[in-house]
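# Coordinate analysis (summary)
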Amino acid sequence: MLRSCAVRLRTLRVLRDPPGVARPWRSFSSEEVTLEDQALPKPSWNKDIRFLFDQFMKKCEDGSWERLMSTKEDLISQARLFTRSFEDGMGFEYVMFYNEDEKRMVCLFQGGPYLQGAPGFAHGGSLAAMMDETFSKTAYLAGEGLFTLSLNLRFKNLIPVGSLAVLNVEVEKIEDQKIYISCTAQSRDQQTIYAKSSAVFLQLQLEEDSSL
């Protein structure tokens, strides 16, 4: 288990490489795998996610924010990451931006038709999954938090399929090896709140495994 966690730590470090950088990584296969960055604009992205993507990329220019790379490859099992396992535009489309100084993460999430629950709207579980995914990246970058201890979520409004939800995540405090985080999911114009949630993550310090 600790070996798996060490691999996950290295995976998250890869996700912080500069845009356009993809490194070959060794897995159980003897063949090298080139990681494909999925957190870049696609034809399926709507105008709202494209607009905010451009706005945050401008913020990245001075170094205050950084875009996280995202890949479909799971370095442990060669399976696809759950939130990257759908066809482009059909499931989870998202990109994350992190502010190191403020310990803040913003995730731009567009849910496709495969995530539908009530007709025309994204299933609540898809938003819960997206919040947990964003929480986990934030927890690691803010303090090497690895495991979700608790996740509390209160739904406010349904998200139309194909529309943008902006997830604003903040680290509330870090104490006793626990990281406390909150999130508000809202529309681009901030007039509609889709959900609010909070989570607690456990920190786990791991030694580097030189055999990997």
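Under the annotation held in an unreviewed UniProt entry, the protein chain carries the name Acyl-coenzyme A thioesterase THEM4 and is attributed to Chrysochloris asiatica.

A few words on the overall build of the protein chain. Helix and strand counts for the protein chain stand at 3 helices and 9 strands. Ordered by position from N to C terminus, the α and β elements of the protein chain give α-β-β-α-β-β-β-α-β-β-β-β. Relative to its 212 residues, the protein chain shows a buried fraction of 43%. In the protein chain, once contacts between residues fewer than 6 apart in sequence are set aside, the share between residues at least 24 apart is 66%.

Right, let's talk about the pattern of salt bridges for a bit. Side chains that carry opposite charge are capable of pairing whenever their charged atoms lie near each other. Summed over the entire model, instances satisfying the criterion amount to 9 salt bridges. When the shortest N-O distance is used, the salt bridge between Glu-93 and Lys-42 registers 3.2 Å. With Glu-93 in strand β4 (residues 92–99) and Lys-42 in the loop between β2 (33–34) and α2 (47–60), this pair connects stretches of sequence that are 51 residues apart. A relative accessible area of 1% means that Glu-93 is categorised as buried. Two residues, Asp-48 and Lys-47, come together in a salt bridge whose shortest N-O distance is 3.6 Å. A network of salt bridges, in which partner residues are shared, links Lys-42, Asp-88 and Glu-93.

With 14 residues, α2 extends 20 Å between its outermost C-alpha atoms, agreeing within 8% with the 20 Å of an ideal straight helix rising 1.5 Å per residue. Along α2, the positions that sit buried rather than exposed are Ile-49, Leu-52, Phe-53, Phe-56 and Cys-60. In an axial view of α2, the angular spread of the buried residues amounts to 110 degrees, which keeps them on one side of the axis. Facing away from the buried side of α2, by more than 90 degrees, are the exposed residues Lys-47 and Lys-58. Considering only its buried residues, α2 is in contact with β3 (66–67), β4, β5 (104–111) and β7 (164–175). The N-capping residue of α2, defined by a side-chain oxygen 3.0 Å from the backbone nitrogen of Asp-48, is Asn-46.

A word on the nonpolar core. With 32 residues, the main nonpolar core has Phe-109, Leu-127, Met-130, Met-131, Phe-135 and Leu-167 as its most contacted residues. Counting residues per element, the ones that place at least two in this core are β4, β5, α3 (124–143), β7, β8 (178–186) and β9 (193–203). With 8 residues, α3 is the single largest residue contributor to this core. Those residues in contact with Leu-167, other than ones at most four positions away along the chain, are Met-105, Val-106, Cys-107, Phe-109, Leu-127, Met-130, Met-131, Thr-134, Cys-183, Thr-184 and Ala-185. If you look at the next biggest cluster of nonpolar residues, it comprises 14 residues, including Phe-56, Val-106, Leu-108 and Leu-164.

Another point: the side chain of Thr-83. With respect to the element layout, Thr-83 can be found in the loop between β3 and β4. What makes Thr-83 buried here is its relative accessible area of 3%. In this structure the side chain of Thr-83 is engaged in a polar contact, spanning 2.7 Å, whose partner is the side chain of Tyr-94. Here Thr-83 is in contact with Phe-92, Tyr-94 and Glu-133, once residues within four sequence places are set aside.

A word on the pairing of β7. Across 7 bridges, β5 lies against β7 in antiparallel orientation. Its bridge partner lying in β7, Arg-104 is registered against Glu-170. Taking the residues that link successive antiparallel strands as the turn, the β7-β8 hairpin has 2 residues, and the phi of Asp-176 there is positive, at about 50 degrees.

Under the defined criterion, the tally for this structure stands at 9 aromatic pairs. Aromatic pair Phe-56 and Phe-97: ring centres 5.1 Å apart, planes at 20 degrees, arrangement stacked. You can see Phe-56 sitting in helix α2 and its partner Phe-97 sitting in strand β4, a full 41 residues away along the chain. Each member of the pair, Phe-56 together with Phe-97, is buried. Members of the aromatic cluster, joined through ring pairs, are Trp-45, Phe-53, Phe-56, Trp-65 and Phe-97. Of note, Lys-173 hangs over the ring of Tyr-180, and the distance from its end group to the ring centre comes to 4.8 Å. Sitting above the plane of the Phe-51 ring, Arg-188 keeps its charged end 4.0 Å from the centroid.

Conventions adopted
- All residue numbers refer to positions counted from 1 along the written sequence of the respective chain.
- Residue-level local features of this predicted model are given only where pLDDT is at least 70; pairs of side-chain atoms are given and counted only at 80 or more, and the full residue set underlies all totals for whole chains, interfaces and linings.
- The side-chain figures draw on all heavy atoms in the structure; neither hydrogens nor water molecules are used.
- Secondary structure follows DSSP: runs of H or I at least 4 residues long count as helices, runs of E at least 2 residues long count as strands, and numbering of each begins at the N terminus.
- Each residue is assigned to one of three classes by its accessible area relative to the maximum for its type, calculated with a 1.4 Å probe on protein chains only: buried under 20%, partly exposed between the two thresholds, exposed over 50%.
- Residues are treated as being in contact if the distance between any of their heavy atoms lies within 4.5 Å.
- By convention in these notes, a salt bridge is any Lys or Arg side-chain nitrogen within 4 Å of a carboxyl oxygen on Asp or Glu.
- Under the convention used throughout, the expected extent of a helix is 1.5 Å for every residue step, that is, one less than its residue count.
- Taking the helix axis as origin, the arc is that swept by the directions to the C-beta atoms.
- Counting of polar contacts relies on pairs of N or O atoms within 3.5 Å, with two restrictions inside protein: one atom must be capable of donating a hydrogen and the other of accepting it, and residues adjacent in sequence are counted only when both atoms are side-chain atoms.
- Nonpolar cores are built from buried Ala, Val, Leu, Ile, Met, Phe, Trp, Tyr and Cys residues. Side-chain atoms within 4.5 Å join them into one set.
- For two strands to be treated as a pair, DSSP must find no fewer than two bridges joining them.
- Each Phe, Tyr or Trp ring, with Trp reduced to its six-membered ring, pairs with another whose centre is within 6.5 Å; inter-plane angles below 30 degrees give stacked pairs, above 60 give edge-to-face pairs, and intermediate values give tilted ones.
- Whether a charge sits over a ring comes down to the Lys NZ or Arg CZ being within 6 Å of the ring centre and within 35 degrees of the ring normal.

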